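Here is how the chains run, residue by residue.
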Amino acid sequence: MATNETLATDYRSTVNLLKSEFPMRGDLPKKEPARVAWWREQRVYEKRLAANAGNPQWILHDGPPYANGNMHMGHFVNRVLKDAFVKVHLLDGFDARFVPGWDMHGLPIEFETLKHLGLDFHKIDPIELRAKCRERAIHWLGIQRDTILRMGVLGDYEHPYRTIDTEFEATIVETLADLAEAGQMYKGLRATLWCTHDETALAEAEIEYKDKVSPSIYVRFTATDEQRADLFTRFGLAEVADARVAVVIWTTTPWTLPANVAIAVKPDAPYAMQHVSYDDGASEYVIAAEALVDDVVARIASTAAAAGRTISSQRTGHAILGSALVGASVRHPFLDRDSLLVGADYVELETGTGAVHTAPGHGVDDFETGMRFGLPVLNPVDGSGHFVAEATPYAGLEIFAANERIIADLAACGALVQEHAYTHSYPHCWRCKNPVIFRSTAQWFIAMDVNRLRKRIEAQVPDVGWYPTWGENRMLQMIENHPEWCVSRQRTWGTPIPAVICRGCNETVLDAGVARKVATVFRERGLPDANASDLWWTEPIETFLPAGFACASCGGTAFDKEKNIVDIWFESGVTHRAVLRQRGMHWPADLYLEGSDQYRGWFRSNLITAVATLGSPPYKNVVSTGWVVDANGRAMHKSTGNYIGADDGMQQYGADVLRLWVASVEFTADMRLGDELLKSIGAVYRNLRNRFKMLLDLTVDLTVEELVPRERLEPIDRLALARLDEVARDVVAAYTSYRLHDVYLALVDFDTSDLSSFYIEMLKDPVYSGERDGARRRSAQSAAFVIFESLCALFAPILSFTTEEAWQCVPESLRAGRASVFDLALPHGSARGTAESGEIELWNVLKRLRTNVAASDGERDFALAAKVYASEALATRLGTLGDGVREALVVSALTMHVDATANDLEPRVELSAAPGAKCPRCRKTLPLSGDAVHPTLCGSCATIVHALHTASDDVKRVEPTVP
RNA sequence: GGGCCAUUAGCUCAGUUGGUUAGAGCGCAUGCUUGAUAAGCAUGAGGUCCCUGGUUCGAACCCAGGAUGGCCCA
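Calculation rules
- Residues numbered from 1 in each chain as written.
- Chains lettered and ligands numbered in written order.
- Predicted model: local features only at pLDDT ≥ 70, side-chain atom pairs only at ≥ 80, totals over all residues.
- Heavy atoms only, no water.
- Near = heavy atom within 4 Å.
- Polar contact = N/O pair within 3.5 Å; in protein donor to acceptor, adjacent residues only side chain to side chain.
- Helix = DSSP H or I, 4+ residues; strand = E, 2+ residues; numbered from the N terminus.
- Nonpolar A, V, L, I, M, F, W, Y, C, P; charged D, E, K, R; others polar.
- Patch = residues over 30% accessible without salt bridge, like charges linked within 9 Å, V, L, I, M, F, W, Y side chains within 5 Å.
- Areas by Shrake-Rupley, 256 points an atom, 1.4 Å probe, with all protein chains shown as cover.
- Salt bridge = Lys/Arg side-chain N within 4 Å of Asp/Glu carboxyl O.
- Lys, Arg positive; Asp, Glu negative; His and termini not counted.
- Charge placed at Lys NZ, Arg CZ, Asp CG, Glu CD.
- Buried < 20%, exposed > 50% of the residue type's maximum accessible area, 1.4 Å probe, protein only.
- Pairing = 2+ DSSP bridges.
- Axes fitted to C-alpha atoms, helices over the stretch in contact; angles between N-to-C directions.
- Contact = heavy atoms within 4.5 Å.
- Phe/Tyr/Trp six-rings, centres within 6.5 Å; stacked < 30°, edge-to-face > 60°.
- 1 Å grid on protein atoms, 1.4 Å probe; cavity = no way out; pocket = protein on both sides within 12 Å on 5 of 7 lines; lining within 4 Å.
- Points joined across faces, edges and corners; volume = space filled by probe spheres on them.
- Arc of directions from axis to C-beta.

Our focus in this paragraph is the protein's contact with RNA strand B. Within the structure, RNA strand B sits among 53 residues, and Arg25, Tyr209, Gln477, His741 and Ser756 are positioned closest to it. Atoms of RNA strand B within 4 Å of the protein: sugar and phosphate make up 75%, bases the balance. The side chain of Arg12 places a nitrogen or oxygen atom 3.1 Å from a phosphate oxygen of RNA strand B. Interatomic distance of 3.1 Å between a side-chain N/O atom of Arg923 and a phosphate oxygen of RNA strand B. The dominant element in the surface near RNA strand B, judged by the number of residues it contributes, is helix α21 (residues 675–698), at 11 residues. Classifying every residue of the surface near RNA strand B by side-chain character gives 20 nonpolar, 14 polar and 19 charged.

Structure, rendered in structure tokens:
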């Protein structure tokens, strides 16, 4: 005899509890690589691009990562954000081709290659080194490309652009030709950041600051008798004969003192002369900024005390302005020359003495001050950081090693006021990590103020869309503060600056005609697997000279090649020409997207070369991202152990969880990343994954023939789709304005508050218990499928792996030829105006009513009957939904009552136990059917079960039993 | 040291032109469910809106100063 339990179990087999193939667990690290391979085999990207052919282009131009080293989570963020925006536009039908690129020349690779192969830069043949560097760069490109593809991105990764390609090198040289022709380039002497280890000039972007301990010294520059008289006069004082008078300077680079030619003072700051008396009767006068003179005296006292002496001091006369000191001079402490007092606004009064040691050969400010006052540019240091012969008595010494000697000599001659070790932030070479120096060398420059270039750029910055909006101001500052752009490098791995030196007059010239000829030679003779620019090294100069080329100065026709290469920031600065223009993509690009460091880097270099040679910015929109920091908000470093590599991250969590994390954070600011955080994102991922699973399970037996068109759906299902439309519009708007985090918020909110806790809750009864082919069930399933399909498309740019996996579980007929999730169309949810807003209003009314039911004490849901009290207008509107209102509330019975006092949008609900008995099949509490065969079932279930028996003998017969 | 940016619940984030009791997801606790079950639903606890001062009838929001962190520079 059957019990109640077996009875229920038996009816269970008549319920539509169907399962799709989609597993609850993601197993992402294990399964994702196969999906990557599948996308490539199926040529999903190429097919979608072909399907979109002829439609408007949308171009995200890829900023090239440097082909050196493994990728970190910052790279992950960069690639995934780009991928998401490219995919949105692909799904939306745009010709959104994406050509990734790599930055492959430059010192870091040259250095890494030398180190990797154990080679000596000074001994290896340049052509051989260049071949090795090429191999090495291609090696890294391969490693990085594998990591990037593992992230699940789409793009033309079989044909990336590379700065080592012949076409790219030709474009670099051609751009130099354009700049030379426009008069934008010049060669000049310049205090340049110089790495003595790598023996090259460095760009600002190749510098990193870190702490360094330097000798901090205060030095007397003592006046001669004549100079003393002048100084006393300037202070309006009578000369004190035979007194020692000195201007005291402060420096942390004693080795630059041999190049000292001046002392800079702040023209509008007061300067004081202080009389210092020693206990042994000696005395001196020291001059420094009034704000700092007491500090100088304290240092004198400190040094005196160390020697067992004491001092006293008092102010002499009144302070005078720095401008009154300009033109005076004092003697260099150990060389036989004067040091001139000059004025400079940059002199600061917070530290030091207010009297700044000035060596035009060893500092940018110093150089400019030197130019203004006509000072000689002394440069007694060679490329390897040793003093040259002119720098007697220190010739041959390495500069940092010479510090000690110089300090000792200063002490010996009484010029040293004080010395102590000083830790400060100091520029270091980004590659070899050694401290760099300023040294004046002859370099090629792009002139920022010729042809009003700076002004022209500034005028066009506001025409670009900057996200976040402060980017505009940031870029304006970058342009305003951009120094003359030094584009030459004295290294081997790069594209040559094709300048020639006239043998007749030794004049160096960068000629547009020569440069264009060089580009032509590259294109004609460059081999696919070799460096086209090797030709500059291997071919005779005549190969590159246009017919009849002669020196403009002396008419000479014999030339030598100059052996400078171009700054790699200039190379990546012309990607907009080399890639967009060469590959049939429109110019300017729609979007550049990089880390916020690129305002100074790639955003700026592209902007400059574009405005200088093509007249306008290379991009319509620029998006910048923040930095990935650790769970505590600290910068990630391999050395501090909080570093997460991209490969490791994907191996541990799966790419899709990390992709979801990217969407879950506000990427324009710093992004925190840590285990706890990723576990939390993992939970969100599982939620979303379950929603895809549930929607698939609910629709697994739906076929395209049974798919109910939207206009014939049940009213309650149309309401759900109205809400979907609203979400789709919000999401698409967020995507197209690059607000990925808003996409995430909108989709998660819809998933949680509309689907999981509301719509899916109400769909379970009609889908599980309803007549399998009945109109109600098919309508519910059709709406669920539309939601599923839309969610796949809306989520595909973020959860690429998961949406594809889910899409592959859709029955063939419903996929309708859309083999991949990336064949779907982005749903725009076209608005239907007031009709829709009415529907959404009604949807929200139902959600609030359902909340009342779900939160009720004691009995809930199908154990309940509901009485809804609504205004007459609202009752009428709810009436149009028929049984949908009861379904939405997930109750067994519902009656509608007019309450004239009720607000139009705030109906009241009254709950009570539903009359009848719990139907063991549908679990609703309803009157018994009174059916002879199935007396415990409700009427609807009895009918359904009877129909099943009639339809199929396979269905197990359920015998009536007496409890 | 300077410019820019950020700071709201344990975590990630919302927070409309200044306006009642500052919200959501995750996590946590409790209950329900066992026909989404390595799931689902509900309820609840949890906040010095970085600090200080100012403007205002009223400040998470506006102003000034500061702290911490980040990027770019010096």
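Continuing now.
Next up on the list: a positive patch on the surface. A surface patch of like charges, here positive, comprises Arg12, Lys19, Lys918 and Arg923. With respect to the helices and strands, the residue Lys918 is situated in strand β30 (residues 917–918).

This paragraph deals with the pattern of salt bridges. Under the criterion given, the structure shown has 67 salt bridges. Close ionic contact of Asp754 with Lys847 constitutes a salt bridge, the shortest N to O distance being 2.8 Å. Here Lys847 lies in helix α27 (residues 834–854) and Asp754 lies in helix α23 (residues 740–769), a separation of 93 residues in the sequence. The same class applies to Asp754 as to Lys847, namely buried. Ionic pairing is found between Arg778 and Asp773, a salt bridge with its closest N-O pair at 2.7 Å. Taken together, the shared-partner salt bridges connect Arg710, Asp725, Arg729, Arg832, Glu836 and Glu839 into one network.

Let us look at the sheet that holds strand β27 (residues 864–870). Strand order across the open sheet formed by 3 strands is β28-β27-β29, with mixed pairing between neighbours. Edge positions in the open sheet fall to β28 (893–898) and β29 (908–913), since each of these has one partner strand only. Pairwise comparison of adjacent strand axes, ignoring direction, gives a mean angle of 20° for this sheet. The pairing of β27 with β28 spans 6 bridges and is parallel. The partner of Ala865 across the bridge, within β28, is Ala893. Lying over the sheet, α27 contacts β27 and β29, oriented at roughly 35° with respect to β29. Along the sheet face, helix α28 (residues 872–879) touches β27 and β28 and points at about 130° away from the line of β27.

Evaluation of the coordinates by the stated rule reveals 27 aromatic pairs. With centroids separated by 5.5 Å and ring planes inclined at 90°, the aromatic side chains of Trp250 and Tyr422 adopt a geometry described as edge-to-face. Of the two residues, Trp250 sits in strand β6 (residues 244–251) while Tyr422 sits in strand β14 (residues 416–429), which places them 172 residues apart along the sequence. Feature note: the residues Trp466, Trp470, Tyr592, Tyr599, Trp602, Phe603 and Tyr619 constitute an aromatic cluster, connected by ring pairs.

Another aspect to go through is the layout of surface pockets. Of the voids in this model, the second largest pocket is the one considered here, and its volume is about 960 Å³. When residues of the lining of the second largest pocket are traced back to their parent elements, those giving at least two are β6, β13 (355–358), α10 (364–373), β14 and β15 (437–446). In terms of residue count, β14 provides more of the lining of the second largest pocket than any other element does, 5 residues in total.

For the rest of this paragraph, the subject is the sheet that holds strand β23 (residues 589–595). Taken in spatial order, the 3 strands of this open sheet run β16-β24-β23, and their pairing is parallel. Here the strands that pair on one side only, and so sit at the sheet edges, are β16 (465–467) and β23. Ignoring strand direction, the axes of neighbouring strands in this sheet form an average angle of 15°. Across 3 bridges, β16 lies against strand β24 (residues 619–625) in parallel orientation. Across the sheet, residue Gly465 finds its bridge partner in β24, namely Asn621. Running over the sheet, helix α4 (residues 73–91) touches β23 and β24 and is turned about 160° from β23.

Of all the positions in helix α12 (residues 453–460), only Leu453, Arg454, Ile457, Glu458 and Gln460 are classed as buried. All buried residues of α12 lie within an arc of 165° about the axis, which places them on one face of the element. Residues Lys455 and Ala459 are exposed on α12 and point more than 90 degrees away from its buried face. For α12, the elements touching its buried residues are β15, α13 (470–480) and α18 (602–614).

A few words now on the side chain of Glu484. Tracing the backbone shows Glu484 in the loop between α13 and β17 (485–486). The side chain of Glu484 sits in the buried core without any salt bridge; Arg454 is the nearest counter-charge, 4.2 Å away. Among the polar contacts listed, one links the side chain of Glu484 to the side chain of Tyr186, at a separation of 2.9 Å. In this structure, Glu484 is in contact with Tyr186, Arg190, Phe445, Ile446, Ala447, Met448, Asp449 and Arg454, ignoring residues within four places of it in sequence.

Our next topic: the environment of Asn70. Residue position: Asn70 is located in the loop between α3 (44–51) and α4. Look at Asn70 and you get partly exposed, because its relative accessible area is 42%. Between the alpha carbons of Asn70 and Ala359 there is a distance of 42 Å; along the sequence they are 289 residues apart. When residues no more than four places from it in sequence are discounted, the contact partners of Asn70 are His75, Trp140, Ile143 and Tyr643.

Position of Glu571 among the secondary structure elements: in helix α16 (residues 568–572). Sequence-distant contacts of Glu571, defined by excluding residues within four places in its chain, comprise His105, Thr163, Phe168, Ile172, Gly494, Thr495 and Val566.

Scanning the entire structure with this criterion turns up 4 cavities of 30 Å³ or more. The calculated volume of the largest cavity comes to roughly 160 Å³. Of all the secondary-structure elements, those providing two or more residues to the lining of the largest cavity are α2 (28–41) and α3. Here the residues of the lining of the largest cavity are counted per class, giving 8 nonpolar, 1 polar and 4 charged.

Working note: regular strand, side chains alternate between the two faces of the sheet. With 6 of 8 residues buried, β6 is to be regarded as a mostly interior element. Two strands pair when backbone bridges link them, and strand β5 (residues 207–222) and β6 are joined in this way by 6 bridges, in the antiparallel orientation. In the sheet register, Thr222 faces β6, and the bridge partner there is Ala246. Pairing between β6 and strand β9 (residues 283–289): 4 bridges, direction parallel. Of the residues in β9, the one forming a bridge with Val245 is Tyr285.

Cis geometry is found at the peptide bond from Tyr467 to Pro468, where omega equals 0°. With respect to the helices and strands, Pro468 occurs in the loop between β16 and α13. Look at the link from Trp587 to Pro588: it is a cis peptide, with omega at 0°. Turning to its location among the elements, Pro588 is positioned in the loop between α17 (575–581) and β23. The residue Arg452 is not glycine, and still its phi comes out positive at about 55°. Secondary-structure assignment places Arg452 in the loop between β15 and α12. A positive phi angle is found at Arg923, which is not glycine, with a value near 70°. Among the secondary structure elements, Arg923 is positioned in the loop between β30 and β31 (925–926).

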